[in-house]
Amino acid sequence: MSQDLIYQIALTAVPFIGDVHAKALLNHFGSAEGIFKAKLQELENLEGIGKVRGNSIKKFSDFSAAEKEIDFIEKYKIKTLSVLDAGYPRRLLNGYDCPSLLYYRGKADLNAARVVSIVGTRSNSDQGKQVCEKLIEDLNDHEILIVSGLAFGIDTIAHRAAIKNNLATVAVLGHGLDAIYPSQNKSLAKQMTEQGGLLTEFPSNTKPDRQNFPMRNRIVAGIADAIIVIETGIKGGSLITAELGGGYNKDVFAFPGRTTDSKSEGCNFLIRTNRAALITSATDLLESMSWDNKPKQQKKKQKELFIELSPDEKVVYEILREKEQLHIDELFLESKLSSSRVASALLTLEMQSIIESLPGKIYRLH
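Keep in mind it's a predicted model, so treat the numbers as computed, not measured.

Colleague: Could you clarify how one ought to interpret the overall build of the protein in this entry?
Modeller: When helices and strands are counted, the protein shows 16 helices and twelve strands. Scaling as 2.2 N^0.38, a compact globule of 366 residues should have a C-alpha radius of gyration of about 21 Å, and the protein matches this with 22 Å. The principal-axis extent of the C-alpha atoms belonging to the protein is close to 60 × 60 × 35 Å. Within the span of the protein, comprising 366 residues, buried residues form 51% of the whole. Working note: accessible area of the protein is about 18500 Å², and carbon and sulfur atoms make up 49% of it. Charge separation in the protein, taken as the distance between the mean sites of 46 positive and 46 negative side-chain charges, equals 2 Å.

Colleague: Help me understand the packing of helix 8 (residues 154-164) against helix 9 (residues 186-194) in this model?
Modeller: Angle between the axes and distance between the axes are the two parameters that describe a pair of packed helices. Taken N-terminus to C-terminus, the directions of helix 8 and helix 9 make an angle of 45°; their axes are 11 Å apart at the nearest point. It follows from the interaxial angle that helix 8 and helix 9 lie oblique. Classified by chirality, the crossing of helix 9 by helix 8 is left-handed. Between helix 8, through Thr156, His159, Arg160 and Ile163, and helix 9, the contact on the second element is made entirely by Leu188, Gln191 and Met192.

Colleague: Looking at this structure, I do not really get helix 2 (residues 19-29). What am I missing?
Modeller: Along an α-helix, residues three or four positions apart point the same way, because every turn accommodates 3.6 residues. Among the residues making up helix 2, those that are buried are His21, Ala22, Lys23, Leu25, Leu26 and Phe29. In the core, the buried residues of helix 2 are packed alongside helix 1 (5-11), helix 3 (32-36), helix 4 (40-44), helix 5 (50-59) and strand 1 (79-82). Taken from the residues just after helix 2, Gly30 is the one with a positive phi, measuring 85°.

Colleague: What am I meant to see in the sheet that holds strand 12 (residues 362-365) here?
Modeller: Within a sheet, neighbouring strands are paired by backbone hydrogen bonds and run either parallel or antiparallel to one another. As summarised here, the arrangement of the three strands in space is 10-12-11, forming an open sheet in which the pairing is antiparallel. Two strands bound the open sheet, and with one partner strand each, they are strand 10 (326-327) and strand 11 (355-358). Two strands pair when backbone bridges link them, and strand 10 and strand 12 are joined in this way by two bridges, in the antiparallel orientation. For Leu326, the partnering residue across the bridge sits in strand 12 and is Tyr363. Where helix 14 (residues 311-322) meets the sheet, its contacts fall on strand 10, strand 11 and strand 12, and the angle it forms with strand 12 comes to roughly 85°.

Colleague: For this particular structure, what's the right way to read the pattern of salt bridges?
Modeller: Where charged atoms of side chains with opposite charge meet at close range, the side chains can pair. Tallying each qualifying case throughout the model produces 17 salt bridges. Asp97 is the partner of Arg218 in a salt bridge, and the nearest nitrogen-oxygen pair spans 4.0 Å. Of the two residues, Arg218 sits in helix 10 (residues 212-222) while Asp97 sits in the loop between strand 1 and strand 2 (101-106), which places them 121 residues apart along the sequence. Pair check on accessibility: Arg218 and Asp97 agree, each one buried. With a closest N to O distance of 4.0 Å, Asp251 and Lys361 form a salt bridge. Separated by 110 residues along the polypeptide, Asp251 in strand 8 (residues 251-254) and Lys361 in the loop between strand 11 and strand 12 bring together distant segments of the chain. By relative accessible area, Asp251 is classed as buried at 14%. Assessed through its relative accessible area of 29%, Lys361 is described here as partly exposed.

About the thresholds
- Per-chain numbering applies: the sequence of each chain, read as written, is numbered from 1 onward.
- With pLDDT at 70 or above as the cut-off, local features in this predicted model cover only qualifying residues; side-chain atom pairs require 80 or more to be listed or tallied, and sums for whole chains, interfaces and linings still use all residues.
- Hydrogens are left out, water is left out, and the side-chain values use all remaining heavy atoms of the structure.
- To qualify as a helix, a DSSP run of H or I must reach at least 4 residues; to qualify as a strand, a run of E must reach at least 2; elements of each kind are numbered from the N terminus.
- This radius of gyration counts C-alpha atoms alone. The globule rule is 2.2 Å times how many residues there are, raised to the power 0.38.
- Partly exposed residues are those whose accessible area sits between 20% and 50% of the maximum for their type, while under 20% is buried and over 50% is exposed, using a 1.4 Å probe and protein chains only.
- Note on areas: Shrake-Rupley, 1.4 Å probe, and residue coverage restricted to the protein chains presented here.
- Under the convention used here, Asp and Glu are negative, Lys and Arg are positive, and both His and the chain ends fall outside the count.
- The atoms used to mark charge sites are NZ of Lys, CZ of Arg, CG of Asp and CD of Glu.
- To define axes, lines are fitted to C-alpha atoms, for helices over the stretch in contact only, and angles between the resulting N-to-C directions are given on a 0 to 180 degree scale.
- For classification, angles of less than 35 degrees are called roughly parallel, those exceeding 145 degrees roughly antiparallel, those between 65 and 115 degrees roughly perpendicular, and all remaining angles oblique.
- Handedness of a crossing is defined here by the sense of rotation of the near helix relative to the far one, left-handed for an anticlockwise turn of less than a right angle and right-handed for a clockwise turn.
- Any pair of residues with heavy atoms lying within 4.5 Å of one another is described as a contacting pair.
- For two strands to be treated as a pair, DSSP must find no fewer than two bridges joining them.
- Salt bridge, as applied in this entry: a Lys or Arg side-chain nitrogen positioned within 4 Å of an Asp or Glu carboxyl oxygen.

Following this line, the structure appears as structure tokens:
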């Protein structure tokens, strides 16, 4: 266990320090221990921290809960992932409100090449079940990590179908790893620790309270390349996940349904208001995301560019010359540039026909 871990856990318990503040503090000081050992004036002078939050950090002294949590983590061989760790889900880092610390039990790679979150109603129809099972069955040759929330209905169907089709599947929980909610999914959760995993931002003994699930949904949305809504009412929690996904620049898809069916009302709304692209099969998804694995001819050696590029454009160009193609999220991470600078460079390069954009926010050299 890292010596810094007790401070990482304690940081999540400090009053007035949320994920945004914690992430900023960790990036500034380089460690959680450094935050707690910083001088009050240094804390107060940081943008967004000020006197109230600075004092809250300096006055915090109850590390006993963090020590107990470490005992729990060691006993059940749980992995902890800080925003500063290389194994932290990189797609989440593009969200301003990503959790500063995650608890993970499982074997799946949270940074898998392809990640899809599947969400939907807890009271699905037979049609919704069939659509979900067929979708995942048709994805089984594409090494896609399936993420959902372990709730009744579509979530459970998605996890079970993934296991049946030998796809890794991860459940994002709205409570600690000391329990499973709903309890009827305990057996499923056990299977998932062997063929996927269980992920949460909540420490042990956190109950599945109502307010935790919208927080859980932002992880479901942020950890994926694409979000698929199978079936949902107009007030379903899946709409929150879809809305969050759109805000994180994720590709959002929805299966349409009959206009008279209340369980399809939410999906139809997402499609009608351009919040989600219409999808009818796995083929639609694979083509939209450029995951269809069609044989590609070897590209001709790129000609040297006889035009002047800005420093940012050169960085992006060199990355794409080395990699065959990259999702915009990976470009952000590879380039170490801000999202606005990458977006500007991409736009200029595309206008000059140096690169081309593919469906699913993927870029490659022209």
